[in-house]
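Structural features, examined
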Amino acid sequence: MKTKASYPIVTEPPVWFITGCSTGFGLELAKQAIQRSYRTVVTARDPSRLESLGVTDNVLVLKLDVTDPDQVVAAIKAAETRFGGIDVLVNNAGIGYFAAIEEGEETEVRKMFDVNVFGLSRMIQAVLPGMRKRHSGCIVNLSSLAGIRGMPSLGQYCATKFAVEGLSEALRQEVEPLGIHVMIVEPSGFRTDWAGRSANESVHQIDDYMATSGNVRVGLRTESGKQPGDPVRAAKAIIQAVASENPPHHLLLGNSAFEVGMSKLDELRKEFAAGETVARAADFPKLNANAVA
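Here goes a summary of the coordinates provided. (Residues numbered from 1 in each chain as written. Predicted model: local features only at pLDDT ≥ 70, side-chain atom pairs only at ≥ 80, totals over all residues. Heavy atoms only, no water.)

Quick notes on the overall build of the protein
What the protein contains, in helices and strands, is 8 helices and 9 strands. The C-alpha radius of gyration computed for the protein amounts to 21 Å, which stays within 12% of the reference 19 Å derived for 293 residues, consistent with globular compactness. With respect to the principal axes defined by its C-alpha atoms, the protein has extents near 70 × 60 × 35 Å. Expressed as a percentage of the 293 residues in the protein, the buried residues total 43%. Taking contacts inside the protein between residues at least 6 apart in sequence as the whole, the part at least 24 apart equals 71%. With the model as given, the accessible surface of the protein reaches about 15,400 Å², and the carbon-plus-sulfur share is 55%. Of the charged side chains in the protein, 31 are positive and 34 negative, and the gap between their average positions amounts to 6 Å. (Helix = DSSP H or I, 4+ residues; strand = E, 2+ residues; numbered from the N terminus. Rg over C-alpha atoms; globule rule 2.2 N^0.38 Å. Buried < 20%, exposed > 50% of the residue type's maximum accessible area, 1.4 Å probe, protein only. Contact = heavy atoms within 4.5 Å. Areas by Shrake-Rupley, 256 points an atom, 1.4 Å probe, with all protein chains shown as cover. Lys, Arg positive; Asp, Glu negative; His and termini not counted. Charge placed at Lys NZ, Arg CZ, Asp CG, Glu CD.)

See below:
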């Protein structure tokens, strides 16, 4: 029988472990968690950038590059030693990359997959033994609107976020019977540094793609810092969702995320229905129950 996920722990303030806290969602989540007196583990590749958060008995600042297996193991161990366990893991660390598929440079694409997919998976594998032992916890994976719909110039980035979606859905089915909840966060455009210093782009750009991938890339760079999404409101929404009695499996954030998400559902439903006859005809014919063997 499926067991309902157990969260939050009511005896003490929960322990939040957040990756990628130097900017954007990670920084705002850290601030919100600390303001709520949560026991908070804030991490970054350069922990000196987190000094403004202050260091108290409830705050642990750690150096963490999610692509370094040794640092991942050490960070989880330090958090569990300090606070006794981790109640909420937020996989926020991630980078972007702008390129048409043909333009994509394998070194850059692999670097992005290493952070966005393998780093996220590595964190999950490191935190799960403790959560399984306690039969409680919540894993929050930052996906994107790009994990719902593919977009020109973001094909390889979308591939990382589609991977996060699939991994998270499978993980949910594996761990929720053990009392561990999994939530995917799918934001649209927010005023983080994602489209700024955090995202590289292809060096060699092909003229034939300027009207598609090129226009999207220019738009993303131009809009950086002017997006409609408010990271502070997003951080509050994530914390409220995790602390709710029934946390959602998918948390859309932003008007565009909601509108595009609903549009994608409608498109898929229409296209799948149109192909129903072909889909059903691809199986072996069912044996006639009345046929004589």
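From this point, the discussion proceeds with the structure in view.
Some details on helix α5 (residues 210-223)
Within α5, burial applies to Ser213, Gly214, Arg217 and Leu220. Taken around the axis of α5, the buried residues stretch over an arc of 125°, which confines them to a single face. In α5, those exposed residues whose orientation departs by more than 90 degrees from the buried face are Ala211 and Val218. Structurally, α5 contributes buried residues whose contacts are with β5 (96-98) and β8 (199-201). (Arc of directions from axis to C-beta.)

Looking at the sheet that holds strand β2 (residues 39-44)
Pairing is parallel across the open sheet formed by 7 strands, whose spatial order is β3-β2-β1-β4-β6-β7-β9. The open sheet terminates on both sides in strands that have one partner only, identified here as β3 (59-63) and β9 (250-253). Looking at each pair of strands side by side, their axes are set apart by 15° on average, direction ignored. Alignment of strand β1 (residues 15-18) against strand β4 (residues 88-91), held across 3 bridges, turns out to be parallel. (Pairing = 2+ DSSP bridges. Axes fitted to C-alpha atoms, helices over the stretch in contact; angles between N-to-C directions.)

Looking at the environment of Pro69
Mapped onto the elements of the fold, Pro69 is located in helix α2 (residues 69-83). A relative accessible area of 42% places Pro69 in the partly exposed class.

Topic: the nonpolar core
One recurring pattern in soluble globular proteins: nonpolar side chains tend to sit buried together. Residues Phe17, Val41, Leu89, Met123 and Ile139 are the most contacted members of the largest nonpolar core, which totals 39 residues. Elements with a contribution of two residues or more to this core: β1, β3, α2, β5, α3 (106-134), α4 (155-175) and β7 (180-187). Ranked by the residues each element gives to this core, the list is headed by α3, at 9 residues. Once you skip the residues sitting within four places of it in the chain, Val41 turns out to touch Val15, Trp16, Phe17, Ile18, Leu60, Leu62, Ala79 and Phe83. Membership of the second largest hydrophobic core comes to 30 residues, among which are Leu29, Val42, Leu142 and Ala235. (Core = buried A, V, L, I, M, F, W, Y, C linked by side-chain atoms within 4.5 Å.)

What to know about the pairing of β4
Burial along β4 is two-sided: Val88 and Val90 and Leu89 and Asn91, pointing in opposite directions, are all buried. Bridging between β4 and strand β6 (residues 137-142) involves 4 bridges; their strand directions are parallel. Across the sheet, the residue bridging to Val90 is Val140, located in β6.

What to know about the packing of aromatic side chains
According to the stated counting rule, one finds 1 aromatic pair in the structure shown. Here Trp16 and Tyr38 contribute two aromatic rings whose centre-to-centre distance is 5.8 Å and whose plane-to-plane angle is 20°, an arrangement assigned as stacked. Of this pair, Trp16 sits in strand β1 while Tyr38 sits in the loop between α1 (24-35) and β2, and the two are 22 residues apart along the sequence. This pair shows no difference in class: Trp16 is buried, exactly as Tyr38 is. (Phe/Tyr/Trp six-rings, centres within 6.5 Å; stacked < 30°, edge-to-face > 60°.)

A short note on a nonpolar patch on the surface
On the surface, a nonpolar cluster with roughly 350 Å² of combined accessible area is contributed by Leu252, Phe258, Met262 and Leu265. Counting residues per element, the nonpolar patch draws most heavily on helix α7 (residues 255-274), which supplies 3 residues. Of note, Met262 is situated in helix α7. Judged by relative accessible area, which is 38%, Met262 ranks as partly exposed. (Patch = residues over 30% accessible without salt bridge, like charges linked within 9 Å, V, L, I, M, F, W, Y side chains within 5 Å. Salt bridge = Lys/Arg side-chain N within 4 Å of Asp/Glu carboxyl O.)

Considering the packing of α1 against helix α6 (residues 231-243)
α6 packs onto α1 with a crossing angle of 60° between their chain directions and a minimal axis gap of 9 Å. Relative to α6, α1 is oriented oblique. The crossing of α1 and α6 is right-handed. For the pair α1 and α6, the contacting residues are Phe25, Glu28, Leu29, Gln32 and Ala33 in the first and Pro231, Val232, Ala234, Ala235, Lys236, Ile238 and Ile239 in the second. Class assignment for the residues of the contact of α1 with α6 results in 9 nonpolar, 1 polar and 2 charged. (Parallel < 35°, antiparallel > 145°, perpendicular 65-115°, else oblique. Left-handed = near helix turned anticlockwise from the far one by under 90°. Nonpolar A, V, L, I, M, F, W, Y, C, P; charged D, E, K, R; others polar.)

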